[in-house]
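# Reading the structure
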Amino acid sequence: MAMQRYLVDYRRLSTDTLAKWSSVPSSVASDALNRCQSMDSRIKPMVPGMRICGQARTVVTMPGDNSMVHHAVSLAEPGDVVVVAGGGLDDVALAGEWVVRCCKRRALGGLVVDGSVRDLHEIRGLGLPVFAKGAVARGPHKNFGGKMDVTAAIGGVPVNPGDLILGDEDGVVVVPLAFADAALAQSLALLERERQWTEQIEAGATLVDVLGVPPLEIVPAE
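Residues numbered from 1 in each chain as written. Predicted model: local features only at pLDDT ≥ 70, side-chain atom pairs only at ≥ 80, totals over all residues. Heavy atoms only, no water.

What follows is about the overall build of the chain. In terms of regular secondary structure, the chain is built from 7 helices and 13 strands. The C-alpha extent of the chain, read off along each of the three principal axes, is 70 × 45 × 30 Å. Within the chain, the proportion of its 222 residues that are buried is 45%. A separation threshold of at least 6 residues defines the contact pool for the chain, and within that pool the share at least 24 residues apart is 77%. Surface summary for the chain: the accessible area is close to 11300 Å², and the carbon and sulfur share equals 55%. (Helix = DSSP H or I, 4+ residues; strand = E, 2+ residues; numbered from the N terminus. Buried < 20%, exposed > 50% of the residue type's maximum accessible area, 1.4 Å probe, protein only. Contact = heavy atoms within 4.5 Å. Areas by Shrake-Rupley, 256 points an atom, 1.4 Å probe, with all protein chains shown as cover.)

Rendered as structure tokens:
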């Protein structure tokens, strides 16, 4: 199978917009998107505390092959997040130290792999946000083919080039570019609402009061 790069043209989000998104937790973004758009719960940061925020450059690999990953991290632009549809294969690492080192050197926004990575010690030292299902020692093959900048299913969510990738310790959320502006406004409104809830709870209000939970039905003892 050939290695193919598709030419795409999508709207670039401004630095200011990305800065606003970087303050939004993945859980809030998912709530703003009707509690959808969350990747497989096993895709988590490989280093605790890592956050990721940037527009997607997609990669579809052949099973166990990372040729297209090498191309993608060499072609993506600063701030881009390379997201890899590895088919969920978790017993072969599709990225390791050298892929992450290249991302870091080229100022990419991070790497998300629907599969495994390796060289965790080195990844921790490099500091680039890397999200994956886990780590395994077994390395990949090369030159069997793949695609870049196509619609890809990653962690059970469709991702298009240019979609916003937002991740933290709760997981990764995909914000479709077409809805990014509306979702940001909704996310910021939710954050303000949560701030108010926090104030009320700290002042002594109950969750039932704050959230407007319907009252209990009292059942008489028999």
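The discussion continues.
The subject of this paragraph is the side chain of Asp-149. Mapped onto the elements of the fold, Asp-149 is located in the loop between strand S9 (146-148) and strand S10 (152-154). Within the local environment of Asp-149, its side chain forms a polar contact with the side chain of Arg-57, the two groups lying 2.8 Å apart. Not counting chain neighbours up to four residues away, the residues in contact with Asp-149 comprise Arg-5, Tyr-6, Val-8, Arg-57, Thr-58 and Pro-161. (Polar contact = N/O pair within 3.5 Å; in protein donor to acceptor, adjacent residues only side chain to side chain.)

What follows is about the UniProt feature "binding site: Mg(2+)" (unreviewed entry) in the chain. Residues annotated in UniProt with the feature "binding site: Mg(2+)" (unreviewed entry) correspond here to Asp-119. Within the secondary structure layout, Asp-119 lies in the loop between strand S6 (116-117) and helix H5 (120-126). Overall, the relative accessible area of 29% leaves Asp-119 in the partly exposed class. Here Asp-119 is in contact with Gly-96 and Glu-97, once residues within four sequence places are set aside. At 2.8 Å, the side chain of Asp-119 and the backbone nitrogen of Glu-97 are in polar contact. (UniProt positions renumbered as here; feature names shortened; annotations may be inferred.)

Here we take up the pattern of salt bridges. Evaluation of the coordinates by the stated rule reveals 14 salt bridges. One salt bridge in this structure joins Arg-101 and Glu-97, with 2.8 Å as the shortest N-O distance. Of this pair, Arg-101 and Glu-97 are both found in helix H4 (residues 97-105), 4 residues apart, which corresponds to roughly one turn of the helix. Residue classification places Arg-101 among the partly exposed residues on the basis of a relative accessible area of 37%. Taken together, the shared-partner salt bridges connect Arg-12, Arg-57, Glu-77, Asp-80 and Asp-149 into one network. (Salt bridge = Lys/Arg side-chain N within 4 Å of Asp/Glu carboxyl O.)

On to the layout of surface pockets. One number sums up the size of the largest pocket: a volume of about 160 Å³. Lining the largest pocket, in full, are Asn-66, His-70, Ala-93, Ala-95, Gly-96, Glu-97, Trp-98, Val-99, Arg-118, Asp-119, Pro-140 and Lys-142. Here the element with the most residues in the lining of the largest pocket is H4; it accounts for 3 residues. Grouping the constituent residues of the lining of the largest pocket by class yields 5 nonpolar, 3 polar and 4 charged. (1 Å grid on protein atoms, 1.4 Å probe; cavity = no way out; pocket = protein on both sides within 12 Å on 5 of 7 lines; lining within 4 Å. Points joined across faces, edges and corners; volume = space filled by probe spheres on them. Nonpolar A, V, L, I, M, F, W, Y, C, P; charged D, E, K, R; others polar.)

This part takes up the packing of helix H3 (residues 67-75) against H4. Contact geometry for H3 and H4: axes closest at 9 Å, N-to-C directions at 15°. Judged on the interaxial angle alone, H4 and H3 are roughly parallel. Regarding H3 and H4, the two cross each other, and that crossing is left-handed. Of H4, the residues touching H3 (which contributes Val-69, His-70, Val-73 and Ser-74) are Val-99, Cys-102 and Cys-103. (Axes fitted to C-alpha atoms, helices over the stretch in contact; angles between N-to-C directions. Parallel < 35°, antiparallel > 145°, perpendicular 65-115°, else oblique. Left-handed = near helix turned anticlockwise from the far one by under 90°.)

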